[in-house]
Every structure is written in C-alpha cells, then in structure tokens.
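Structure at a glance
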Amino acid sequence: MCMDHFRNFIIGALFLLMQGALHPGIAAAGLVIVNASMTISVFAAVLHEMLRHALDLNPDNELTV
C-alpha cells in the first residue's frame, strides 16, 4: 500500500518536472512527506510483528507455574 503512494508521488514529480514546474521547495517537501510516511509504515509493521510474537508467547507462559 505504501509503495502505491510512493509510486504516485514519483509519477506526479516526473509530470511536474516535464512541465518545468517542479520547484525545489515542492520537491523537498514531497520527499519529507514520503520519508515520514515510510518511516511510520515500517515502525507500524515492526510493532505489529512484535505484538504477534508476544501473543504467540502468551499461551506458553500461562502454563508455567
């Protein structure tokens, strides 16, 4: 899902570049937005995997005396 948004950003940036309308500030702001969203996406995936692992360990710990 995140790669779809990244692809759309690249296509839009290339369109603006071909039109001569890609201002460096717009490009920098777009890169900041893409990098921030990718960072949040990776962090959410890591948290999801950690939660899944913790839930898998939970039944093992319930049987311990």
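This text goes with the structure placed above it.
The sections below set out a description of the structure shown in this document. Predicted model, so just to flag it, every value in this text is computed and none were measured.

1. Section: the overall build of the chain
In terms of regular secondary structure, the chain is built from two helices and zero strands. Buried residues in the chain amount to 5% of all 65 residues. Approximately 5600 Å² of the chain is accessible, and the part contributed by carbon and sulfur atoms is 73%.

2. Some remarks on the environment of Asn-35
With respect to the helices, strands and loops of the structure, Asn-35 is situated in helix α2 (residues 24-62). The spacing of Asn-35 and Phe-6 is 29 residues in sequence and 9.4 Å in space, taken between C-alpha atoms.

3. What about a nonpolar patch on the surface?
Residues Val-42, Phe-43, Val-46, Leu-47 and Met-50 make up a contiguous nonpolar surface patch of roughly 500 Å² in combined accessible area. Note that Met-50 resides in helix α2. Assessed through its relative accessible area of 54%, Met-50 is described here as exposed.

The rules behind each value
- Residues numbered from 1 in each chain as written.
- Predicted model: local features only at pLDDT ≥ 70, side-chain atom pairs only at ≥ 80, totals over all residues.
- Heavy atoms only, no water.
- Helix = DSSP H or I, 4+ residues; strand = E, 2+ residues; numbered from the N terminus.
- Buried < 20%, exposed > 50% of the residue type's maximum accessible area, 1.4 Å probe, protein only.
- Areas by Shrake-Rupley, 256 points an atom, 1.4 Å probe, with all protein chains shown as cover.
- Patch = residues over 30% accessible without salt bridge, like charges linked within 9 Å, V, L, I, M, F, W, Y side chains within 5 Å.
- Salt bridge = Lys/Arg side-chain N within 4 Å of Asp/Glu carboxyl O.

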